[in-house]
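Chain residues, written in single-letter form:
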Amino acid sequence: MLKLDNINLFYGEIQALWNLSMEIKEGQIAALLGANAAGKSSTINAISGLEKISGGKITFLGKEIHKMDPHEIVEEGIIQVPEGRKLFNYMSIQENLELGAYSKRAKKDFKKNLRMVFDLFPILEERKNQFAGEMSGGQQQMCAIARGLMSSPKLLIIDELSLGLAPILVQKLLKALVDIKNSGITILLVEQNVKQSLAISDEACVLENGRLALSGKADELLNNPHLKKAYLGM
Amino acid sequence: MTLLQTLISGLLLGGIYSLISMGLNLILGVVRIINFAHGELLMIAMYISFLFYSTMGLDPYVSAILVIACLFLLGIITQRFLIQPILDTPASTKIFATLGLSIALQNLALMTLSADHFSVRTSYQSDVINIGELAISIPRLIAFIVAISVAVLLYLFLKKTMTGKAIRAVAMQRQAAYLMGVNVKKIYLLAFGIGSALVGLAGAMLMPIYSVYPTLGTTFVLIAFVVVVLGGMGSMFGAFFGGLIIGLVEALSGVLLDTGLKEAVYFAIFILVLLFRPSGIFSLGKGAEEVGLK
Ligand SMILES: Nc1ncnc2c1ncn2[C@@H]1O[C@H](COP(=O)(O)OP(=O)(O)OP(=O)(O)O)[C@@H](O)[C@H]1O
Ligand SMILES: [Mg+2]
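Residues numbered from 1 in each chain as written. Chains lettered and ligands numbered in written order. Predicted model: local features only at pLDDT ≥ 70, side-chain atom pairs only at ≥ 80, totals over all residues. Heavy atoms only, no water.

Enquirer: Any chance you could explain the site of ligand 1 here in plain terms?
Expert: All names here are of chain A. Looking at ligand 1, there are 13 residues lining it, with Asn-36, Ala-37, Lys-40, Ser-41 and Ser-42 nearest. Here an oxygen atom of ligand 1 and a backbone polar atom of Gly-39 are 2.9 Å apart. Compared with its free state, where it exposes 630 Å², ligand 1 has 63% of that area covered by protein. If one sorts the elements of the shell around ligand 1 by residue count, helix H1 (residues 40–48) sits on top with three residues. Of the residues assigned to the shell around ligand 1, the class counts are five nonpolar, five polar and three charged. (Near = heavy atom within 4 Å. Polar contact = N/O pair within 3.5 Å; in protein donor to acceptor, adjacent residues only side chain to side chain. Areas by Shrake-Rupley, 256 points an atom, 1.4 Å probe, with all protein chains shown as cover. Helix = DSSP H or I, 4+ residues; strand = E, 2+ residues; numbered from the N terminus. Nonpolar A, V, L, I, M, F, W, Y, C, P; charged D, E, K, R; others polar.)

What follows is the structure, encoded as structure tokens:
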């Protein structure tokens, strides 16, 4: 579905991604793993068009997207839930969700999607008139995911889902991701938390210093000696 | 009674300051540009208004819509060809760009239009409404009513329409706006256009009251900066009330001190607010780092 082909990414002089290739298959949950500063966010920002790659290409459903503007990429059906949620803090939950549906592709299914996200996270419906910035971290993450879902995405990218959240909440959100996948949306989950994310993923890639270190089926990776040693402390 | 009279005139004129400052603040909050040429936009708006008057005999209130359209266009052109190419450069570059534009426009006006003051003659310009012993100038009253109406309309536009929400979203959290599919460049153009159109309206309302000359912008941009700092950067609400307050302060300092000192008074307010309340008097204790539309 999504294919990165030998991409390189620079911030000024600093190279953040080195000849990175990977593929995400439709209907799956794929995990993108790696330590701090490995290049995970850089990778998905390249996919979303926030950062321009220099060399290589990115194709989505057979179409090259790496020269497109971010809003055009959203119209293609890729949405990113960014690191740190980045909600519109001084707007209500309802308004955040409306902005999630800003793209043309999202307009016609607005009501249906709103119902769907409220069913998935009922607390959002209860608090829909509250400022997003006033909610707890977990609720904000729900709002951020819901805002992404409002765009009728084909591919939902989530950066650091578990960051700063209690383990029990993370479990709940991961379960929600499985529901989302079962509704037909492909997911790219970006995480430092290797064990929990591999548990719900079909496939995974591991980044180290901007390069692809490992990739494969999630259950096989769980038994990989390098991964065990470097990320699971075993 | 004369103090009350002065205060009312000041308050009414403050409506114009509000319009100018809301425009400056909209551009600041959304595009994150301090538009030093904002005063020159006002100067241009008034010259255009004067031109419609002197060549076609159009009353400033009639030509207002044309002046607004011209300024909207001028704002878009400025954003597209001056600001957009330097968006990713350091803040100092942006400051020099708009400062340079300001100086260039002033000198262009001096060269082509001379340093003369131009004003319009209208039948109503010294008309007043008498309430008891108070005499309220009709052009000032009109300016005030228009300013309030436009402030309300702008508020409704930003709060209720999807485009307005997108403008606020860009101001509040630019990266997320990009990621939700907002065409941020287009929103910048719109914000600069609307911000300039507000100045266009202010210029049209000012024309029956003031005369226009090439350096007129300098005084007004100073006022707008004080208002923006007073009301809080990016706060439309703050800019609106800040404008009215500065109108009052101006009138008061004219009575209590000396008219010549009014700029010193602005400057004192500017410094005091920056020192003690850098996020503006209306912001609810939020840090000044959160420049955005509120
Ligand atoms: N805007 C930027 N300007 C310069 N360097 C950057 C920028 N963003 C990221 N980098 C650098 O690129 C490298 C990869 O960063 P990136 O944010 O992609 O890592 P990450 O895997 O997402 O890390 P984390 O888990 O901390 O989010 C880091 O060395 C980082 O310092
Ligand atoms: Mg990251």
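There's plenty left to go through after this.
Enquirer: Looking at this structure, I do not really get the sheet that holds strand E4 (residues 57–60) of chain A. What am I missing?
Expert: Where strands meet in a sheet, backbone hydrogen bonds hold them as pairs that are either parallel or antiparallel. Residue and element names in this part refer to chain A. One open sheet holds the four strands; their spatial order is E2-E1-E4-E5, and the pairing between them is antiparallel. Among the strands making up the open sheet, the edge pair consists of strand E2 (14–24) and strand E5 (63–64). Here strand E1 (residues 2–11) runs beside E4; their pairing, made up of four bridges, is antiparallel. Directly across from Lys-3, in E4, lies its bridge partner Thr-59. Running over the sheet, H1 touches E1, E2 and E4 and is turned about 110° from E1. (Pairing = 2+ DSSP bridges. Contact = heavy atoms within 4.5 Å. Axes fitted to C-alpha atoms, helices over the stretch in contact; angles between N-to-C directions.)

Enquirer: Looking at this structure, I do not really get the nonpolar core. What am I missing?
Expert: The nonpolar side chains of a soluble globular protein tend to be buried, and buried together. One finds B:Val30 and B:Val31 to be the most contacted residues of the largest nonpolar core, which totals 129 residues. For this core, the domains that each give at least three residues are domain 1 (2–77 + 154–231) and domain 2 (87–151) of chain A. If near-sequence neighbours (up to four positions away) are discounted, B:Val31 is found in contact with B:Leu26, B:Gln79, B:Ile83, B:Leu87, B:Tyr188, B:Ala191 and B:Phe192. Within the second largest apolar cluster, 29 residues are counted, among which are A:Leu4, A:Ile7, A:Ile58 and A:Ile78. (Core = buried A, V, L, I, M, F, W, Y, C linked by side-chain atoms within 4.5 Å. Buried < 20%, exposed > 50% of the residue type's maximum accessible area, 1.4 Å probe, protein only. Domains from an automatic or database assignment.)

Enquirer: Can you walk me through the domain arrangement of chain A in this structure?
Expert: When the parts of a complex come together, some accessible area is lost, and that lost area is often used as the size of the interface. Residues and elements named next belong to chain A. Domain annotation of chain A identifies domain 1 (2–77 + 154–231) and domain 2 (87–151). For domain 1 versus domain 2, the separation of C-alpha centres amounts to 23 Å. Carbon and sulfur atoms make up 73% of the surface buried where domain 1 meets domain 2, a total of about 1,200 Å² over both sides. Our count for the contact surface shared by domain 1 and domain 2 stands at zero salt bridges. (Buried area = accessible area lost by both parts, 1.4 Å probe. Salt bridge = Lys/Arg side-chain N within 4 Å of Asp/Glu carboxyl O.)

Enquirer: Help me out: how do you make sense of the coordination of the magnesium ion (ligand 2) in this one?
Expert: All names here are of chain A. Surrounding the magnesium ion (ligand 2) are the protein donor atoms Ser-41 (OG) and Glu-83 (OE), at 1.9 to 2.4 Å. Pair noted here: Ser-41 is in helix H1 and Glu-83 is in the loop between strand E6 (78–81) and helix H3 (93–100), with a separation of 42 residues, a long-range link. The exposure class assigned to Ser-41 is buried, which follows from its relative accessible area of 19%. (Donors = N, O, S within 2.8 Å, 3.2 Å for Na, K, Ca; no water.)

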